[in-house]
Amino acid sequence: RPYSALARTRIALLGLWTGALLAFGALFVPAAFAHLPTQLAAAVLGDGFAALNRWGIALGAVCVALGLADRRLGADHDAAGLIRTWLPLAGVLAHATSAIWVAPELHALRVAAGGAIGRLPAGGPELAQFGALHAVSRALFALATGSAGLASVWDLWRLAPKASLGASPNGGA
């Protein structure tokens, strides 16, 4: 079946979402810590993660809605198609969990530490809590990135033109 406008829009939004997450995680985070004082880098990155969470929730929800609308108009109705349609919801839930629980907890720990986690006593429970929350944050970021990326690749693969079996590329000439 040819690309529908809904499918093309979903692929574009999934690509935008995936690209933003990959660029932020692979380029911006390392650059911030390499070129800014740690406390400033953490503050700037915290704002960036908050924006990614907001936009990720919105983009993921729109992508699920587009997938549902496309299915209703005749797209694949098998179990794999249903999973593909709902896959961005995993990213939405990851972003929401980060925004509602993890980021506020990390912020509270920074405030309690006087603005810098480095001021917490080594081996203290607050530092252990920060480490655990940071690990959860990284896992949620990876889940959001993976679900958006997998959904975009899966959508492209499903909608890619398939060559007819046994047909030659030049029409048999």
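Rules used in this analysis
Residues numbered from 1 in each chain as written. Predicted model: local features only at pLDDT ≥ 70, side-chain atom pairs only at ≥ 80, totals over all residues. Heavy atoms only, no water. Axes fitted to C-alpha atoms, helices over the stretch in contact; angles between N-to-C directions. Helix = DSSP H or I, 4+ residues; strand = E, 2+ residues; numbered from the N terminus. Parallel < 35°, antiparallel > 145°, perpendicular 65-115°, else oblique. Contact = heavy atoms within 4.5 Å. Nonpolar A, V, L, I, M, F, W, Y, C, P; charged D, E, K, R; others polar. Phe/Tyr/Trp six-rings, centres within 6.5 Å; stacked < 30°, edge-to-face > 60°. Buried < 20%, exposed > 50% of the residue type's maximum accessible area, 1.4 Å probe, protein only. Left-handed = near helix turned anticlockwise from the far one by under 90°. 1 Å grid on protein atoms, 1.4 Å probe; cavity = no way out; pocket = protein on both sides within 12 Å on 5 of 7 lines; lining within 4 Å. Points joined across faces, edges and corners; volume = space filled by probe spheres on them. Expected span 1.5 Å × (residues − 1). Bend = angle between axes of the 7 residues up to and from the residue.

### Here's the deal with the packing of helix α3 (residues 79-86) against helix α4 (residues 88-112)
The contact between α3 and α4 brings their axes to 5 Å, and the two run at 30 degrees. The angle between the axes of α3 and α4 places the two elements in the roughly parallel class. Every residue of α4 that contacts α3 at Arg84, Thr85 and Trp86 is listed here: Pro88, Leu89 and Ala90. Residues of the contact of α3 with α4, tallied by class, amount to 4 nonpolar, 1 polar and 1 charged.

### Re the packing of aromatic side chains
Following the criterion strictly, the structure yields 3 aromatic pairs and no others. Each ring, one from Phe24 and one from Phe28, has its centre 5.3 Å from the other, and the planes form 35 degrees; the classification is tilted. In this pair, Phe24 and Phe28 both sit in helix α1 (residues 5-35), 4 residues apart, roughly one turn of the helix. Of the residues examined, Phe24 reaches a relative accessible area of 10% and is grouped as buried. Between the aromatic rings of Phe49 and Phe141, the centroid separation amounts to 5.5 Å while the plane-to-plane angle is 90 degrees, which identifies the pairing as edge-to-face. Taken together, the residues Phe49 in helix α2 (residues 38-72) and Phe141 in helix α5 (residues 125-159) connect sequence positions 92 residues apart. Aromatic ring contacts, followed pair by pair, group Phe24, Phe28, Phe49 and Phe141 into a single cluster.

### Quick notes on the packing of α1 against α5
Think of two packed helices as two axes; the pair is described by the angle between the axes and how far apart they sit. For the pair α1 and α5, the least separation of the axes is 9 Å and the interaxial angle reads 145 degrees. In the crossing of α1 with α5, the sense of the turn from one axis to the other is left-handed. Mapping the contact onto sequence places Ala7, Arg10, Ile11, Leu14, Gly15, Trp17, Thr18, Leu21, Leu22 and Gly25 in α1 and Phe141, Ala144, Thr145, Ala148, Gly149, Ala151, Ser152, Asp155, Leu156 and Leu159 in α5.

### Details of empty space enclosed by the protein
Per the stated rule, a full pass over the model turns up 1 cavity of 30 Å³ or more. What lines the largest cavity is simply Ala7, Arg10, Leu66, Gly67, Asp70, Arg84, Asp155 and Arg158. When residues of the lining of the largest cavity are traced back to their parent elements, those giving at least two are α1, α2 and α5. When residues of the lining of the largest cavity are assigned to their parent elements, the largest contribution, 3 residues, is made by α2.

### Considerations on α1
Between its first and last C-alpha, α1 extends 43 Å over 31 residues, near the 45 Å set by a 1.5 Å rise per residue. Along α1, the sharpest change in direction is near 35 degrees and occurs at Phe24. Residues of α1 that are buried: Ala7, Arg10, Ile11, Leu13, Leu14, Trp17, Thr18, Leu21, Phe24, Val29 and Ala32. Elements in contact with the buried residues of α1: α2, α3, α4 and α5.

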